[in-house]
Amino acid sequence: LTHIGAKFMFVAGMFVSGCVTILFGMLDKVPSGPVFIGLCFLVRAMDAVGFAAAMTASFSILAKAFPNNIATVLGSLEIFTGLGLVLGPPLGGFLYQSFGYEVPFITLGCVVLVLVPVNMCILPKCDSIPSKDSFWKLVLLPKVLLLCLTIFSLSACLGFLDPTMSLFILKKFKLPAGYVGLVFLGLALSYSLSSPLLGLLSDKLPYLRKWLLVSGGLMTALCFFMLGPAPVLHIESQLWMFLLVLVLIGFSLGMSAIPVFPEILHCAYENGFEEGLSLLGLVSGLFNAMWSLGAFAGPTLGGFLYEKLGFEWASAIQGGWALLSGIAIGIFYITDATRRSSSSSLQNPPGNNEERTHLMGSET
């Protein structure tokens, strides 16, 4: 990122994603079989490269432009992430039903390509001197490792819902297929609407980040345990309760996801990393890598558990990721606070102040 520039990486990533999205719309022309499957993997991989470039650069540009309000800005932008999750399925479904397979992809790809020259004109140029800080030095910090587990667990929990929740809704509540997308609104809206508030809270009161991370992980785990709900509770699942739990999941995910980026940055500064675009690129790349890893593991493991155990047990087990991350980061914060208080008491023994007072009195 520091060698080619954040702005160029962002624009190039958008261009690749736009072109690849249009290619998606042409895959139905390919003969079925191994050739079709191979091209699907290839096009999907190209889309992932473009997406990773654009997202990594965008996080870095935002953190560079708003260094004192990173969580607030990221939380505000999550409104548009939520809007995309809300509007994407119904708009895509409408275009698909009205015009066929190709039109949704071509339309979306053209919109992305139109935004490329707009961003070339609007975005500031962010140049930086490459630093000597190592990516592995950042990753192997104990606190960063635990925060990576938090990112992974949140993404895995969110990804778990994609292949399983719609099947469960259709089977359990006998809703028409057209109403299934509306159920997802509770999760998307609660996440997008609460994210700006959580971001503002994280920036204005930095000491609350640790409590947001811990309580967000534990609350997410509890919500996934109640989503089925788990058979050990012997509670019959009802639609209103299912929607309420989804709303709480959206809020709890925001509690953990929004403070993570500034918390990793703060940890890097504490450990002597140079401030600048190079560090922002490292943190942004790490965040997106762990999020993508969770987005792969969540649906894969979730789909397997759904087939073997059913949605109720699968969601409860999936919540174990969030429970593990919440407990682990909580233990770390408690241990770190104990270590800091003991080291400060050793450096400043209680008798020092009294002795200093008596000495000053005798000198007078």
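Under the annotation held in an unreviewed UniProt entry, the protein chain carries the name MFS-type transporter SLC18B1 and is attributed to Phalacrocorax carbo. According to the UniProt record, the Subcellular location (unreviewed entry) comment for the protein chain is "Membrane".

Caption draft 1: Local environment of the overall build of the protein chain. Helix and strand counts for the protein chain come out as 12 helices and 0 strands. Going from the N terminus to the C terminus, the protein chain shows its helices and strands as α-α-α-α-α-α-α-α-α-α-α-α. Considering only C-alpha atoms, the protein chain reaches an extent of 95 × 55 × 35 Å along its principal axes. Looking at the protein chain as a whole, 43% of its 364 residues are labelled buried. When contacts within the protein chain are restricted to residue pairs at least 6 apart in sequence, those whose partners lie at least 24 apart make up 82%. Of the roughly 19300 Å² of accessible surface on the protein chain, 72% is carried by carbon and sulfur atoms. Both charge centroids of the protein chain, one from 18 positive and one from 19 negative side chains, sit 3 Å from each other.

Caption draft 2: Highlighting unusual backbone geometry. A cis amide bond, omega -10 degrees, links Gly 228 with the succeeding residue Pro 229. Among the secondary structure elements, Pro 229 is positioned in the loop between helix H8 (209-227) and helix H9 (239-270). Here the phi dihedral of His 234 falls at roughly 55 degrees; this positive angle occurs in a residue that is not glycine. Along the polypeptide, His 234 turns up in the loop between H8 and H9.

Caption draft 3: Inspection of the packing of aromatic side chains at higher detail. In total, this model carries 15 aromatic pairs according to the counting rule given. Judged by centre distance (5.5 Å) and plane angle (40 degrees), the rings of Phe 59 and Phe 287 are tilted. In this pair, Phe 59 sits in helix H2 (residues 34-65) while Phe 287 sits in helix H10 (residues 277-309), placing the two residues 228 residues apart along the sequence. Residue classification places Phe 59 among the buried residues on the basis of a relative accessible area of 11%. Plain terms: the ring middles of Phe 168 and Phe 173 are 5.9 Å apart, the flat faces sit at 85 degrees to each other, and that makes the pair edge-to-face. Using a relative accessible area of 5% as the deciding quantity, one classes Phe 168 as buried. Within the aromatic cluster, the residues linked to one another by ring pairs are Phe 160, Phe 168, Phe 173, Phe 224, Phe 242 and Phe 311. Taking the ring centre of Phe 273 as reference, the NZ or CZ of Lys 137 above it sits at 5.0 Å.

Caption draft 4: Representation of the domain arrangement of the protein chain within the structure. Per the domain assignment, the segments making up the protein chain are domain 1 (1-119) and domain 2 (132-346). Its C-alpha centre places domain 1 at a distance of 23 Å from the equivalent point of domain 2. Opposite the 22 residues of domain 1 that make contact, domain 2 presents 23 residues. With both sides pooled, the region where domain 1 packs onto domain 2 buries about 1900 Å², and carbon together with sulfur makes up 74% of that total. Summed over the shared surface of domain 1 and domain 2, the number is 0 salt bridges. Where domain 1 meets domain 2, there are 6 residue pairs in polar contact (both at pLDDT 80 or more).

Caption draft 5: Expanded view of the pattern of salt bridges. All told, the structure shown has 10 salt bridges when counted by the stated rule. What you see here is one network of salt bridges that share partners, running through Lys 143, Asp 203, Arg 209 and Glu 263.

Caption draft 6: The arrangement of the nonpolar core in detail. In this structure, Phe 10, Leu 138, Val 144 and Phe 261 are the most contacted members of the largest nonpolar core, which totals 47 residues. Here this core gets 8 residues from one element, more than from any other, and that element is H10. Residue assignment places this core across two domains, with domain 1 (1-119) and domain 2 (132-346) each supplying three or more. Once residues lying within four places of it in the same chain are set aside, the contact partners of Leu 138 are Val 144, Ala 268, Phe 273, Leu 282, Val 283 and Leu 286. One finds Phe 168, Ile 169, Tyr 191 and Ala 314 within the second-largest nonpolar core, a separate group that totals 30 residues.

Caption draft 7: Molecular detail of H9. Under the 1.5 Å per step criterion, the end-to-end length of H9 is 47 Å for 32 residues, consistent within 8% with the ideal 46 Å. Where H9 bends most, at Val 260, the angle is about 40 degrees, and the proline Pro 262 comes one to four residues later. Phi for Gly 272, located one or two positions after H9, is positive at around 85 degrees.

Caption draft 8: Structural detail: the packing of helix H1 (residues 6-24) against helix H4 (residues 102-122). Packing of H1 against H4 leaves a shortest axis separation of 7 Å and a crossing angle of 160 degrees. The angle between the axes of H1 and H4 places the two elements in the roughly antiparallel class. H4 is crossed by H1, and the crossing has left-handed handedness. On H4, the residues that touch Lys 7, Phe 10, Val 11, Met 14, Phe 15, Gly 18, Cys 19, Thr 21, Ile 22 and Phe 24 of H1 are Phe 105, Ile 106, Leu 108, Gly 109, Cys 110, Val 112, Leu 113, Leu 115, Val 116, Asn 119 and Met 120.

What counts, and at which threshold
- Residues numbered from 1 in each chain as written.
- Predicted model: local features only at pLDDT ≥ 70, side-chain atom pairs only at ≥ 80, totals over all residues.
- Heavy atoms only, no water.
- UniProt positions renumbered as here; feature names shortened; annotations may be inferred.
- Helix = DSSP H or I, 4+ residues; strand = E, 2+ residues; numbered from the N terminus.
- Buried < 20%, exposed > 50% of the residue type's maximum accessible area, 1.4 Å probe, protein only.
- Contact = heavy atoms within 4.5 Å.
- Areas by Shrake-Rupley, 256 points an atom, 1.4 Å probe, with all protein chains shown as cover.
- Lys, Arg positive; Asp, Glu negative; His and termini not counted.
- Charge placed at Lys NZ, Arg CZ, Asp CG, Glu CD.
- Phe/Tyr/Trp six-rings, centres within 6.5 Å; stacked < 30°, edge-to-face > 60°.
- Lys NZ or Arg CZ within 6 Å of the ring centre and 35° of its normal.
- Domains from an automatic or database assignment.
- Buried area = accessible area lost by both parts, 1.4 Å probe.
- Salt bridge = Lys/Arg side-chain N within 4 Å of Asp/Glu carboxyl O.
- Polar contact = N/O pair within 3.5 Å; in protein donor to acceptor, adjacent residues only side chain to side chain.
- Core = buried A, V, L, I, M, F, W, Y, C linked by side-chain atoms within 4.5 Å.
- Expected span 1.5 Å × (residues − 1).
- Bend = angle between axes of the 7 residues up to and from the residue.
- Axes fitted to C-alpha atoms, helices over the stretch in contact; angles between N-to-C directions.
- Parallel < 35°, antiparallel > 145°, perpendicular 65-115°, else oblique.
- Left-handed = near helix turned anticlockwise from the far one by under 90°.

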